Amino acid sequence: MAKKIDYNRRPMPKQEPFERVRNFDEVALGYTEDLAVEEASRCLACKKSFCKEGCPVAVDIPGFIQCIVDRDFAGGIKKIKETNALPAVCGRVCPQEDQCEKVCVLGKKGSPVAIGRLERFLADWEAASGETETPDILPSTGKKIAIVGSGPAGVTVANDLVLLGHDITMFEALHDAGGVLTYGIPEFRLPKAIVRREVEYVESLGVKLRLDYIVGKTKTIDRILTEFDAVFVGAGAGLPWFMEIPGENLNGVYSANEYLTRCNLMKGFRFPAYDTPIKRPSYVAVLGGGNVAMDSARTALRLGADEAHIVYRRSRTELPARLEEVENAEEEGVIFDFLTQPMRLIGNESGWLTEMECLKMELGEPDSSGRRRPVPIEGSEFRMKTDAVVCSIGNSPNPLIPLTTPGLEVGRKGNIVVDEATGKTSRDAIWAGGDVVTGAATVISAMGAGRNAARDIHEFLSGNGSNA
Amino acid sequence: MYEIVERRMIVPNLHEFTVKAPEIAESVQAGNFIIVRPDEVGERTPLSVADWDCDAGTITSIFMQVGGSTAKLARLEPGGDIPTCAGPLGKETEIRDDFGTVLCIGGCYGIGSIYPVARALKEAGNKVVSLLEARSSYLLYWQDKLEEVSDRVIELTRDGTAGYKGHITRLGEILTLEKIKPDLIIVNGCTFLMMRASKMTESLGIKTIVNMNPIMIDGTGMCGVCRLTVAGKMKFACVDGPDFDGHEIDWEEFLKRRQTYNPEEVHPLRKSGCASHF
């Protein structure tokens, strides 16, 4: 008997906006077991699983969903971990609506299955159960691989290669592992305890972690290669971009990297219990429209701002941020100033930001990106009161490895050039992936790049692959 | 964890700090800095490197106690340890064998960090004159070490208790009196010393390199807080520097940016019960 199709996605419980805007605790609370089973039961178990094809790391989505339907949660998490070392992270921060959920057949007439929420449910269920499923590890190959950076790309490579029996050391420049998951994404969207748990999981598989180790500076890649058979570079984000408008070096002007690092990695929101200070300005303007911009504006509100603005030169439809994050920001009272282009920042005599001059825009013809180009409206200049600007328009790849590795081919924007399918760089025995290759992108795309590189590194160490 | 080998107050409020970090000791060069955290809730604090010992695997820095984090560092004892010591960071100071005569100016913690610069310049075959600047003679240190690597050491104190009396604004006059014609000047120390020295040498037409010390967080080219304007362009001290041409820096902007967190920096001191001093 054909089952009745249920088009309605189960909502995930969240902290109420008026409450959550005053704390740094996680906004989304996750499905209960019953909600997860109800949601999983909506899956049509299609013969051809488009969802799995839509996942950059090809998680067996129908497989784990069936486990949830059967209430075999241990089996479900084991299925995910066959291909994904970071389920609690991916379930929270992947843009599922553009990947697995986008191609879900249910989405044609109703809401797609909430694949991300179900993935998160299983990961959290495992954490709460206190028992961790560990996949089988192949016998030691005796090959040593160095991984530069412990963010999503690095952790994925470490996970994949350690399972194949290789000896893995992951080098992290900062004092805490996780890369952007730790310094960039705020606590209220991705609790750091979860990142720590996932890093500890790969450590439990035998991966060695060296903190405070800046490959390129503490030791160059060439010196690393005297001790290791291969290197994967997942060094992540580099220098922030600014608008290149007057006044960007005024006090009170931050890059999103600085603003979020102060708050997340350094725990500035807990100053003075933690030593690193962060300002608590009243009128904050965040420039940009991506997820990082949403994170910054929502952080500003939690730090006590009267007003947090997102200043974006296009309109709501063009916002690059995930819809879920935009809605969360709206619910919390972030003010969106669309079609607004900052022109200059104005300060007082002591060098502190006081105002921002902007220009109103209107949408014109589509540009090369297919989005309608914002065109200035003449004479529409206006000033807004602001005592903090957070510039959130992206960043270049981290420059340390390119600067210190001779012969490594680097692109015009400072990105490491790789073969797209394998992540292989122009240098023997060196692979790269994630933001250091693509510039700022998503967690899951970095993980996908790590997955491909791991496969090729393994081939190489087994005597095949790009280097052979 | 990184073991503290030495931490002692070398002159009032300046501390000599030696930490065991063999891999950094192997890679470090004059002009580099390290980032340390005194404890698990501490700030990432950049310190200019003043010396190192590859055999012992140690790095030495001189730091001034200013705010909460440096106060914590100043309370560390030999045998203890710190959770973070990362580096070497920043580009090294450019050392060539054909500079000719180089004047190395050090003040405050910079007397320490100019020492490996003078040593490297001397080893490369340049003539090295070191000028040590302090408020008073009791704030000078490492004169013996600098004597060893310099052709001449000149002292300058504001109260005249050692060497010349006055401030760095006397530089032109001192050069004439000492009959020195430097081909290059390198300055390490507090912002005012570097700024005033640069303004002096600009009128003298002598190329001047300064080792900048902005606020930093990661120190690895990620956060962008250490930005400054050099020759009209935005530069990042942690990866483009910290050495820059002193004549090209927007000093006024730099000074203001340095003061961003002054109120927070003294917060722990205000809480210490000595608030009436502020």
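Residue and element names in this part refer to chain A. Along its sequence, chain A is carved into domain 1 (17–129), domain 2 (144–238 + 396–461) and domain 3 (242–393). Centre-to-centre separation of domain 1 and domain 3, based on C-alpha positions: 32 Å. The partner domain 3 presents 9 residues to the 7 residues of domain 1 that form the contact. In terms of residue class, the side of domain 1 that touches domain 3 is made up of 5 nonpolar, 1 polar and 1 charged.

One turn of an α-helix holds 3.6 residues; hence residues three or four places apart share an orientation. With 19 residues, helix α17 (residues 443–461) of chain A extends 27 Å between its outermost C-alpha atoms, agreeing within 8% with the 27 Å of an ideal straight helix rising 1.5 Å per residue. Two residues or fewer past α17(A), Gly463(A) is found with a positive phi of approximately 100°.

Opposite the 37 residues of chain B that make contact, chain A presents 33 residues. Among the secondary structure elements, those contributing two or more residues to the side of chain B that touches chain A are α1 (22–27), α2 (68–74), β7 (84–89), β14 (227–230), β15 (233–236), α8 (251–258) and α10 (267–270) of chain B. Take the side of chain B that touches chain A: its biggest share by element is 6 residues, from β7(B).

Here we take up the sheet that holds strand β1 (residues 144–148) of chain A. Residues and elements named next belong to chain A. The 5 strands lie next to each other as β3-β2-β1-β4-β16, forming an open sheet whose pairing is parallel. Taken across any chain shown, the strands that pair with only one partner, and hence form the sheet edges, are β3 (208–210) and β16 (430–432). Averaged over all adjacent pairs, the angle separating strand axes in this sheet is 20°, with direction ignored. Note: strand β2 (residues 167–171) against β3, 3 bridges, orientation parallel. Looking across to β3, one finds that Thr169 is bridged to Lys208.

Each neighbour pair has its own omega, and for Gly87(B) with Pro88(B) the value is -5°, a cis peptide bond. Along the polypeptide, Pro88(B) turns up in strand β7. Geometrically, the link from Gly241(B) to Pro242(B) is a cis peptide bond, its omega value of 10° lying close to zero. Tracing the chain through its elements places Pro242(B) in the loop between α7 (237–240) and β16 (243–245). The backbone of Lys267(A) sits at a positive phi, close to 60°, despite the residue not being glycine. Checked against the element boundaries, Lys267(A) lands in the loop between α12 (256–263) and β7 (283–287). We classify Lys267(A) as partly exposed; it has 18 C-beta atoms within 10 Å. The backbone of Cys108(B) sits at a positive phi, close to 60°, despite the residue not being glycine. Among the structural elements, Cys108(B) can be located in the loop between β8 (101–107) and α3 (110–123). The buried category is assigned to Cys108(B), around which 22 C-beta atoms lie within 10 Å.

All names here are of chain A. Buried within helix α14 (residues 323–332) we find Glu325, Val326, Asn328 and Ala329. For α14, the arc enclosing every buried residue in end-on projection is 160°, short of the 170-degree limit, so these residues lie on one face. Projecting away from the buried face of α14 at angles above 90 degrees are the exposed residues Leu323 and Glu327. Where α14 terminates, the next one or two residues include Gly333, which has phi positive at roughly 100°.

Right, let's talk about the pairing of strand β13 (residues 208–211) of chain B for a bit. Residues and elements named next belong to chain B. On β13, burial covers both faces: Thr208 and Val210 on one face and Ile209 and Asn211 on the other are all buried. The pairing of strand β12 (residues 184–188) with β13 spans 3 bridges and is parallel. Counterpart to Ile186 in the pairing with β13 is Ile209. Read from β12 through helix α6 (residues 191–204) to β13, the crossover connection turns out right-handed. Where β13 lies against β16, 3 bridges are found, and the strand directions are antiparallel. In the strand pairing of β16, Ile209 is matched with Asp245.

This next bit is on the sheet that holds β7(A). All names here are of chain A. Spatially, the 5 strands line up as an open sheet ordered β6-β14-β7-β8-β9, and their pairing is parallel. Since the sheet does not close on itself, it has two edges, and those belong to β6 (253–255) and β9 (335–337), each with one partner. Neighbouring strand axes in the sheet, compared pairwise and without regard to direction, differ in orientation by 25° on average. As paired strands, β6 and strand β14 (residues 388–391) are joined by 3 bridges and run parallel to one another. Bridging from a neighbouring strand, Ser255 pairs with Cys391 of β14. In this fold α12 packs onto β6 and β14, with an angle of close to 85° to the strand it touches most, β6.

Once that is clear, we can look at the environment of Ala74(B). Residues and elements named next belong to chain B. Within the secondary structure, Ala74 sits in helix α2. Separated by 109 residues in sequence, Ala74 and Asp183 have C-alpha atoms that sit 38 Å apart. In this structure Ala74 touches His15 and Gln65, once residues within four positions along its chain are discounted.

Let's shift gears to the confidence of the model for chain B. The predicted model of chain B has a mean per-residue pLDDT of 93, with 96% of residues at 70 or higher. Taken together, the chains of this predicted complex give a pTM of 0.91 and an interface ipTM of 0.92.

Let us look at the pairing of strand β5 (residues 58–64) of chain B. Side-chain positions along a regular strand alternate between the two faces of the sheet. Residue and element names in this part refer to chain B. In terms of burial, β5 is a largely internal element, 6 of the 7 residues being buried. Relative to β5, strand β2 (residues 14–20) runs antiparallel, the two sharing 7 bridges. Paired with Thr18 across the strands is Thr60, a residue of β5. Bridge count for strand β4 (residues 45–53) against β5 is 4 bridges, and the pairing is antiparallel.

Reading the values: rules and limits
- Residues numbered from 1 in each chain as written.
- Chains lettered and ligands numbered in written order.
- Predicted model: local features only at pLDDT ≥ 70, side-chain atom pairs only at ≥ 80, totals over all residues.
- Domains from an automatic or database assignment.
- Contact = placed C-beta atoms within 7 Å.
- Nonpolar A, V, L, I, M, F, W, Y, C, P; charged D, E, K, R; others polar.
- Helix = DSSP H or I, 4+ residues; strand = E, 2+ residues; numbered from the N terminus.
- Expected span 1.5 Å × (residues − 1).
- Pairing = 2+ DSSP bridges.
- Axes fitted to C-alpha atoms, helices over the stretch in contact; angles between N-to-C directions.
- Buried ≥ 20, exposed ≤ 12 C-beta atoms within 10 Å, placed from the backbone.
- Arc of directions from axis to C-beta.
- Right-handed = clockwise from strand over helix to strand, strands pointing away.
- pLDDT = per-residue confidence, 0-100.

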